[in-house]
Amino acid sequence: MISVPGCTDKLDEPFEDEAFTSDVDYTKGEDMILPLLGAYWGLYTRGWEDPVTLGIRGDDVNAAGDQAPMQEQDNFQYLSSHWNLNAVWQGQYNDIITTFSAMDEIEKYREAANNDALADQYIAECRTMRAYLYLKLAKAYGKIIVIDQLDNIQNTPASNKEDVMQYIVDELNEVIPLLPDMNPNKRSDVRGGITRYTAYAIQALAYQEMEDYQGAANAAAAIISSGEYELSDDYYHLFKKAGKLDDEIILEFQYSDFGSPTGDRFGHLFAPFGLAWNPARAGAGGGWNFYEPTKKYIKFMLDRGETVRLETSVEWTPEGMTEIANEWGALPEWIDNTNREGDEFINNARKKWGAGKWIQPSTELTDGRNGPGSGKNMIIIRYAEMLLVYAEALTRGASSNISMTADQAVNLVRARAGMDPLSGVSTQDVLNEKLAELGTEWDIRFHDMVRTENVSELSHEGKTFTMDKAYFPIPAAQLSELPQLGEFADSTN
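A brief look at the structure comes next. Only a predicted model underlies this, so the values are computations on that prediction, with no experimental measurement involved. (Residues numbered from 1 in each chain as written. Predicted model: local features only at pLDDT ≥ 70, side-chain atom pairs only at ≥ 80, totals over all residues. Heavy atoms only, no water.)

Along strand E4 (residues 249-253), 5 of the 5 residues are buried, which leaves the element largely enclosed by surrounding structure. Here 4 bridges tie E4 to strand E10 (residues 378-382), and the two strands are oriented antiparallel to one another. What sits directly across from Phe253, in E10, is Met378. (Buried < 20%, exposed > 50% of the residue type's maximum accessible area, 1.4 Å probe, protein only. Helix = DSSP H or I, 4+ residues; strand = E, 2+ residues; numbered from the N terminus. Pairing = 2+ DSSP bridges.)

Once that is clear, we can look at the nonpolar core. Of all hydrophobic cores here, the largest spans 123 residues; its most connected members are Tyr134, Tyr141 and Ile168. With 15 residues, helix H5 (residues 116-141) is the single largest residue contributor to this core. Dropping the residues within four chain positions of it, Tyr134 is found in contact with Tyr93, Ile96, Phe100, Ile144, Ile145, Val146, Ile147, Val164, Tyr167 and Ile168. (Core = buried A, V, L, I, M, F, W, Y, C linked by side-chain atoms within 4.5 Å. Contact = heavy atoms within 4.5 Å.)

Here we come to the pattern of salt bridges. Applying the stated criterion across every chain yields a total of 43 salt bridges. Glu171 is the partner of Arg130 in a salt bridge, and the nearest nitrogen-oxygen pair spans 2.6 Å. Of the two residues, Arg130 is situated in helix H5 and Glu171 in helix H6 (residues 161-175); the sequence distance between them amounts to 41 residues. Take Arg130 and Glu171: they sit in the same class, and that class is buried. Among the salt bridges present, the one from Arg340 reaches Glu311, with a minimum N-O distance of 2.8 Å. One end of the pair, Arg340, is in the loop between helix H12 (318-328) and strand E8 (344-345); the other, Glu311, is in helix H11 (residues 308-313), and 29 residues separate them in sequence. When salt bridges that share partners are traced, they join Glu248, Arg304, Glu306, Arg309, Lys357, Arg382, Arg414, Arg416, Glu433, Glu437 and Glu441 into one network. (Salt bridge = Lys/Arg side-chain N within 4 Å of Asp/Glu carboxyl O.)

Once that is clear, we can look at helix H7 (residues 196-209). Between the first and last C-alpha of H7 there are 20 Å, a value that for 14 residues agrees with the 20 Å anticipated at 1.5 Å per step. Just downstream of H7, Glu211 is the residue with a positive phi angle, here 60°. (Expected span 1.5 Å × (residues − 1).)

In structure tokens, the structure reads:
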């Protein structure tokens, strides 16, 4: 029996290790939420290597740090023996298996709960989590296994990326009507939990990968027309503590140190993103310097005259400021190696710039907590991204059943950033806007460039990208366990 952690008080209290075994009382219908919370626990508990590994290949991020496999992957040199490729694969599949187990447990509570609609909703949430995990896996590895039954994994054939995306689209079509019709921050049972708009967003991203831009436009339009979302009026603080459960957030992983200086903490290890510093709050821990904005990205933002988006996305060291000034020209006066909160970023051997969206100011740490990002949430999908997915789809010929134009969608995003409006936006305009708006967030930029086969953009700063490097190799450890993956081991999608 898979052991799935449960928790109490709708994810607001520390998680308890609770295995679903024969001792569980399935006559207590009110406990039907526990396996669902166990599934959320699995989704939220990402290894530190997960976002770093997925994000480093874009022209917006460098690996930095001292992890040789990540430095090699950043240069598009892949080995199936790289430890982090196996860790990402295994971690995501562990969470997929957890959703299967949770759904099975929810069914056992159904009769006692006497609420079929709620049981169906909980199962739909698990299926949406599973779809998201398949989306990430297929984009990273190209060909994966879509599990149909836990006792049949060894016999399940591998699927290519297009088939996985179609599976996701079909799966979410089934679950969308069963999910809550609201912004995640309005849920009272699981604050920040999945709603039908989470599913629409994942579906839009799957359609985009399939280059089915009409499907992407339709899914994004459902989010836009819902009236449940709006852009935050403060881009900088959206990525800080104040941004938790903002109206802009479609999916974020919820973490907390429960406002206590000691004791339980449920969170992500954000240290890999951190930059060496003299923190404003004494004792706050520094980072590992594993994730760095590229010079190309920084110059792109400077060329555009970006202000708040550049300030939010990039933290500077003195050496970093000097190097960019020598190559680009005199920097705007507002750029400094100290953030708004007074944290001073200092020179170090590993990197010259920090990815500010992933770095929590030291002054936001709970008193007594010194770990980087203690209590910080992890943003996964934002409304801004869906506006730009919608706009790109329209520039590629999709029609819309709502009145918003591509220009309007792009200009909503630009206005928040203090940028002048555009007219007659092209696909390239949208892709540029996505880089400015979403730069250093996960692997969004990399997959935009893969999808458009833009090898010239990904070939930068001495790195050479070719389309045969679009996907990581199947990890060697998985090939030995799942031989059906072997036929895809040395092929591209």
